[in-house]
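Structural overview for review
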Amino acid sequence: MRPVKSRHFLQLVLLSALWGASFLFIRIASPVLGPNVMAALRIGLATLTLIGIMRVAGESWPWRHWRELFGLGTLTVALPFLLYAWAALHLPAGYSSLLNTMAVPFGVLAAAWMKEDTLSLRKWLGCICGFAGVALIVQLGPVEPTPALLTAALACVTASACYGVSTTWMKRATTRMSPLAIAAGIHAAALVLLLPGAAWSLPDARFTPGALAAVAVMGVVTSGLAYWLNLRVLAQVSPVAAMSSAFMIPLFGVAWGHVFLGEALGPGMVWGGALVLVATGLVTGFNPLRWLAALRPGKE
């Protein structure tokens, strides 16, 4: 895997901070609006934001790639957003952000299957550490492992798998479409898929100022702008390098949940989270010294 340039590294850190915060906002909005309505509102705002940017940039819609955009929209937006929104009804934000890290092992396996990467003993060990870490997070954390919590954890792992297996596909899509067109297209496709469920759940939604503010930030910033930035980075680096931002997301997700929501930090989360971080380091070949060296002047 080629060394990542400092500007791409900083962009990955920014994405991690934004997506780590999104778990906090999901935890705030989903219980009030309901998962279906919250996910649809988030995606709708992201779509409007990206449409506005496309108009300013003078870009046209990639209509001839609509089948691919629907497939990518299902795997990278519709399913993950809905699953994480539902999981937030039962799972603290820190748990969700840690489980999101499982996207990396799934992504590495998918990249190997699609001939974009090769598997090695180190990567297999990383996958084992990742699944062990998830088990510790769910079994030993400060929240009692009830059936609802276990099901919510499974939903998060499924969402992570969607992200992981689709990253290589998304990377290939950047050779056929611009990052902005892909970001707008997948959100528009996801919105079409989730609108029926949102309409059905609408009578039960409570539109409080706090929930609407959280959705607004997610829609405009952590979905619309962040997905565009992520695709711009993905077009320049390998799929595994792009996924490596996932190991930084829990650092922000746990911190935001602890500071703003008062979520407890139990030993299961600490040790399970550490194992998950080790797993992502193993499967990506992450070297902290090399990545920090990328920040030094003259490394561009």
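Provided above is the structure to which this section pertains.
A count of helical and extended segments in the chain gives 13 helices and 0 strands. Element order for the chain, N to C, with α for helix and β for strand: α-α-α-α-α-α-α-α-α-α-α-α-α. For the chain, long-range pairs separated by at least 24 residues make up 90% of all intrachain contacts whose partners lie at least 6 apart in sequence. As displayed, the chain offers around 13000 Å² of accessible surface, 70% of which is attributable to carbon and sulfur atoms.

Burial within helix α5 (residues 103-113) is extensive, with 9 of its 11 residues counted as buried. Positive backbone phi, at 65°, marks K115, one or two positions downstream of α5.

Attention now moves to the nonpolar core. The nonpolar side chains of a soluble globular protein tend to be buried with one another. The biggest cluster of nonpolar side chains holds 66 residues, and the ones touching the most others in it are A29, M38 and I186. For this core, the element with the most residues is helix α7 (residues 147-173), which contributes 11 residues. Sequence-distant contacts of M38, that is, excluding residues within four places in its chain, are made with I26, A29, S30, L33, A85, V215 and M218.

This next bit is on the packing of helix α3 (residues 66-87) against helix α8 (residues 179-201). Contact geometry for α3 and α8: axes closest at 8 Å, N-to-C directions at 65°. As α3 packs across α8, the resulting crossing turns out to be right-handed. Mapping the contact onto sequence places L69, F70, L72, G73, T74, T76, V77, A78, F81 and L82 in α3 and I182, G185, I186, H187, A189, A190, V192, L193 and L194 in α8. Considering only residue class, the contact of α3 with α8 consists of 14 nonpolar, 5 polar and no charged.

Here we take up the environment of A159. Residue placement: A159 occurs in helix α7. Once the C-alpha coordinates of A159 and A78 are considered, the two residues, 81 residues apart in sequence, prove to be 9.7 Å apart. The residues touching A159, leaving out its near neighbours within four places in the chain, are P80, L83 and Y84.

A separate point is the pattern of salt bridges. Inspection of the entire model under this criterion finds 1 salt bridge. We note a salt bridge from E68 to R176, for which the minimum N-O separation is 2.4 Å. Linking E68 in helix α3 with R176 in the loop between α7 and α8, this pair joins segments that are 108 residues apart in sequence. Classification of R176 as partly exposed rests on a relative accessible area of 41%.

Analysis parameters
Residues numbered from 1 in each chain as written. Predicted model: local features only at pLDDT ≥ 70, side-chain atom pairs only at ≥ 80, totals over all residues. Heavy atoms only, no water. Helix = DSSP H or I, 4+ residues; strand = E, 2+ residues; numbered from the N terminus. Contact = heavy atoms within 4.5 Å. Areas by Shrake-Rupley, 256 points an atom, 1.4 Å probe, with all protein chains shown as cover. Buried < 20%, exposed > 50% of the residue type's maximum accessible area, 1.4 Å probe, protein only. Core = buried A, V, L, I, M, F, W, Y, C linked by side-chain atoms within 4.5 Å. Axes fitted to C-alpha atoms, helices over the stretch in contact; angles between N-to-C directions. Left-handed = near helix turned anticlockwise from the far one by under 90°. Nonpolar A, V, L, I, M, F, W, Y, C, P; charged D, E, K, R; others polar. Salt bridge = Lys/Arg side-chain N within 4 Å of Asp/Glu carboxyl O.

Shape is all these values report; function is a separate question.
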